[in-house]
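Descriptive analysis of the structure
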Amino acid sequence: MRKKLFLSTLIITLITLTFSMLAVNLVFHRQFSNYLTVTSETTIEQLPARLSAVYQSKGTWDPVSLDEISYSLPVGTTVILTDPSGKKIATLSNMMDDMMHSQSGMSMGMSMSSSSITSWKTKTLTVSGPQGTLATAYVQYPSSAPILNPQDVQFQSSVFYSLLFAGGLALVFGIILSYFTSRRLVAPLKRLTLAADRIGKGHLDERVVIQTKDEVGRLAYAFNVMVDNLNRQETLRKQFTADIAHELRTPLTSIKGYIEAFQDNVLPADEENLSSIHEEIDRLVDLSSDLKDLNVAEMGVLTPVFEPVDLKHLIEKVIRSLNPLIQEKQLILSWNFPPEPVTTSGDRRLLTRLFYNLIHNAYRYSNIGGHVMITLTLTPMPDSTTIRIKNTGDGIPEEDLPFIFERFYRADKSRTRDTGGTGIGLALVKQITTLHQGTITVQSKIGQETEFIVQLPKEVENGVG
């Protein structure tokens, strides 16, 4: 990539320099030719005054003075000077052929002859003096002045060589700049490639140093964020493996202990002991059910059955099922519901699981003698229902709030299932809310309270989540 970038930049530089030099040379040649043409016209307009001054100073047409005027004429100009009677006095010319014979080894412009001039102009000028008309000058000169004067050719050559030198210097700097620019652009991409290779080999601690704020810098930042997410997911996976092993081992060990006690006649297989085994089996069933529902929801194959659901009645039913646990922990439970039914479109079973998990979390993380508050309100714009579930307790650290809806995430890694669960419940809550096209947010103050806010639309669009 570095080679391609260097070559492409170099080619662009060459093309730009070539066209720039051609354009400058063309414009200069045209403007310089126009300048010479204007100068020639001016010189010819001044010719009568100069001829009159020569005649008056010498009293006659002095050949030496006329020759001097000839040399000052524009290149390629011929002047036939006649007296008032029409008799030829002299022919003045500054022909390029004469000049080329006297100047050898000049540039290519000097190899031209008068035959290369295709367009001519003629003028008839009257030379006047105090005595009246002194002579008549018939002038023939090129319509556009060619660049044939040695000084003009030398000036043009100097400009052309200056352009070549400036273009060569710009090319050298362009090559150097292209080299370092391509190196600077490709170097961070090489570091990203090496880092990606190391991450592919399992080194999730690899990071890329961000040195700029341009597109490459943003790419490096996104790369580091991606690696952080991978590292966090890997940590969660390992934590989940340990949690699941613990969750399975605890009830299985308890069941095994009861069965061994029954076999050794240490405990009687009465209703009380069998109920304990039944509770442990229920824990296993609940765990497997949560995992199944979560995986099905995340795979997008969980199909909710939407029907009119009275949220007020549904939440009251959940509260009644959890009321013994709430009373056992001496919690104060208060709720504020509208007097009329609050109907929304949803899956009754999934919504029951959603609010059961949220209210059970509020019970679990409340301090003994704490307060659990549930509020149900209607929001006209947009037409939706808002459910707030707040509890007093230790709260959730601010740095953990963005991750609590990820599966298997627990803010306090030291918590057991009795105090912290496996981190599946809130992930399932998030999935159910999304299926119902709703939103869920959380607010928390450390050592004070935590509040979950669920907003559900009254009608699910197209009947799908």
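Residues numbered from 1 in each chain as written. Predicted model: local features only at pLDDT ≥ 70, side-chain atom pairs only at ≥ 80, totals over all residues. Heavy atoms only, no water.

Regarding the sheet that holds strand β2 (residues 88-93)
Which entries qualify depends on this criterion: Only when DSSP finds a minimum of two bridges between them are two strands counted as paired. The helix count covers DSSP runs of H or I at least four residues long, the strand count covers runs of E at least two residues long, and both are numbered beginning at the N terminus. Axis definition: a line fitted to C-alpha atoms, limited for helices to the stretch in contact. Angles are taken between N-to-C directions and run from 0 to 180 degrees. Any two residues whose heavy atoms approach within 4.5 Å are treated as being in contact.
Pairing is antiparallel in the open sheet, where four strands are placed in the order β2-β1-β4-β3. If you trace the sheet from one side to the other, it starts and ends with β2 and β3 (120-129), each paired once. On average, adjacent strands in this sheet sit at an angle of 15° to one another, irrespective of strand direction. For strand β1 (residues 78-82) and strand β4 (residues 132-142), the ladder comprises five bridges, and the chain directions are antiparallel. Of the residues in β4, the one forming a bridge with I80 is Y138. Relative to the sheet, helix α3 (residues 63-72) contacts β1 and β2, its axis offset from that of β2 by approximately 35°.

Focus on the packing of helix α9 (residues 348-364) against helix α10 (residues 425-435)
Short version of the rule: Should an angle fall under 35 degrees it is taken as roughly parallel, and over 145 as roughly antiparallel, whereas 65 to 115 is taken as roughly perpendicular and any remaining angle as oblique. Should the near helix be turned counterclockwise from the far one by less than a right angle, the crossing is left-handed, whereas a clockwise turn marks it as right-handed. Classes in brief: Ala, Val, Leu, Ile, Met, Phe, Trp, Tyr, Cys and Pro nonpolar; Asp, Glu, Lys and Arg charged; the others, Gly included, polar.
Interhelical geometry of α9 versus α10 gives an angle of 140° and a closest axis separation of 9 Å. In terms of their interaxial angle, α9 and α10 are classed as oblique. Crossing of α9 against α10: the hand is left-handed. Only G425, L426, L428, V429, I432, T433 and L435 of α10 make contact with α9, whose side of the interface consists of L350, L351, R353, L354, N357, L358 and N361. When grouped by side-chain class, the residues that make up the contact of α9 with α10 number nine nonpolar, four polar and one charged.

Here's the deal with α3
Structurally, the α-helix is built with 3.6 residues per turn, so residues lying three or four positions apart point the same way. Defined as follows: Only protein chains enter the accessibility calculation, which uses a 1.4 Å probe; a residue is then buried when its area is under 20% of its type maximum, exposed when over 50%, and partly exposed in between. Read the arc as the range of directions from the helix axis to the C-beta atoms.
Of the positions making up α3, those classed as buried are S65, L66, I69 and S70. Seen end-on, α3 carries its buried residues on one side only, within an arc spanning 150°. Across from the buried face of α3, at angles greater than 90 degrees, the exposed residues are V64, E68 and Y71. Along its buried surface, α3 packs onto α2 (47-58), β1 and β2.

A few points about the sheet that holds strand β11 (residues 449-457)
If you trace the five strands from one edge of the open sheet to the other, you get β6-β8-β9-β11-β10, paired in mixed fashion. Each having just a single partner strand, β6 (332-336) and β10 (439-445) make up the two edges of the open sheet. Here the average twist between neighbouring strands, direction ignored, is 10°. Inspection of the sheet shows strand β8 (residues 371-379) paired to strand β9 (residues 384-392) by eight bridges, in the antiparallel sense. Residue I374 lies in a different strand from β9, and its bridge partner there is I389.

Considerations on the side chain of N391
Formally: Whenever a nitrogen or oxygen atom comes within 3.5 Å of another N or O atom, the pair is scored as a polar contact, on the condition that within protein one atom can donate a hydrogen and the other can accept it, and that pairs from neighbouring residues in sequence are kept only if both atoms are in side chains.
Among the structural elements, N391 can be located in strand β9. Under the relative-accessibility criterion, N391 is labelled buried at 6%. At 3.4 Å, the side chain of N391 forms a polar contact with the side chain of S366. Setting aside anything within four residues of it in sequence, one finds N391 in contact with A362, Y365, S366, H371, V372, Q448, E449 and T450.

Some remarks on the nonpolar core
Within soluble globular proteins, side chains that are nonpolar tend to cluster in buried spots. The cut-off we apply is this: In this text, buried Ala, Val, Leu, Ile, Met, Phe, Trp, Tyr and Cys residues form a nonpolar core when linked through side-chain atoms within 4.5 Å.
Counting residues in each nonpolar core, the largest one holds 46 residues, and the members touching the most others are I315, F355, L358, I374 and I387. Going through the elements one at a time, α7 (271-299), α8 (311-328), α9, β8, β9, α10, β10 and β11 are the ones with two or more residues in this core. Counting residues per element, this core draws most heavily on α9, which supplies eight residues. In this view, L358 contacts I389, L426, V429, I440, F452 and V454; residues no more than four positions away in its chain are not counted.

Quick word on the environment of E279
Here E279 is to be found in helix α7. By relative accessible area, which is 53% here, E279 ends up exposed. In this structure the C-alpha to C-alpha distance between E279 and I255, which are 24 residues apart in sequence, comes to 9.7 Å.

A look at the pattern of salt bridges
Filter applied, for reference: The salt bridge definition used is simple: a Lys or Arg side-chain nitrogen within 4 Å of an Asp or Glu carboxyl oxygen.
What the rule picks out here adds up to six salt bridges. Put simply, E45 and K123 hold a salt bridge, and the shortest N to O gap is 2.4 Å. With E45 in helix α1 (residues 2-45) and K123 in strand β3, the pair connects residues that are 78 residues apart, well separated along the chain. Judged by its relative accessible area of 23%, K123 is partly exposed. In this structure, K256 and E260 form a salt bridge, with 4.0 Å as the shortest nitrogen-oxygen distance. One end of the pair, K256, and the other, E260, are both in helix α6 (residues 215-263), four residues apart, so they sit about a helical turn from each other.

Side note on the confidence of the model for the protein chain
We count it as follows: A residue's pLDDT is simply how confident the predictor is in it, with values from 0 to 100.
Across the protein chain, the average pLDDT comes to 79, with 86% of residues at or above 70. Put simply, helix α4 (residues 96-102) is where the protein chain has its lowest mean pLDDT, 46, and β11 is where it has its highest, 94. Across residues 97-115, where pLDDT falls below 50, the model places 26 contacts with residues more than four positions away in sequence or in other chains.

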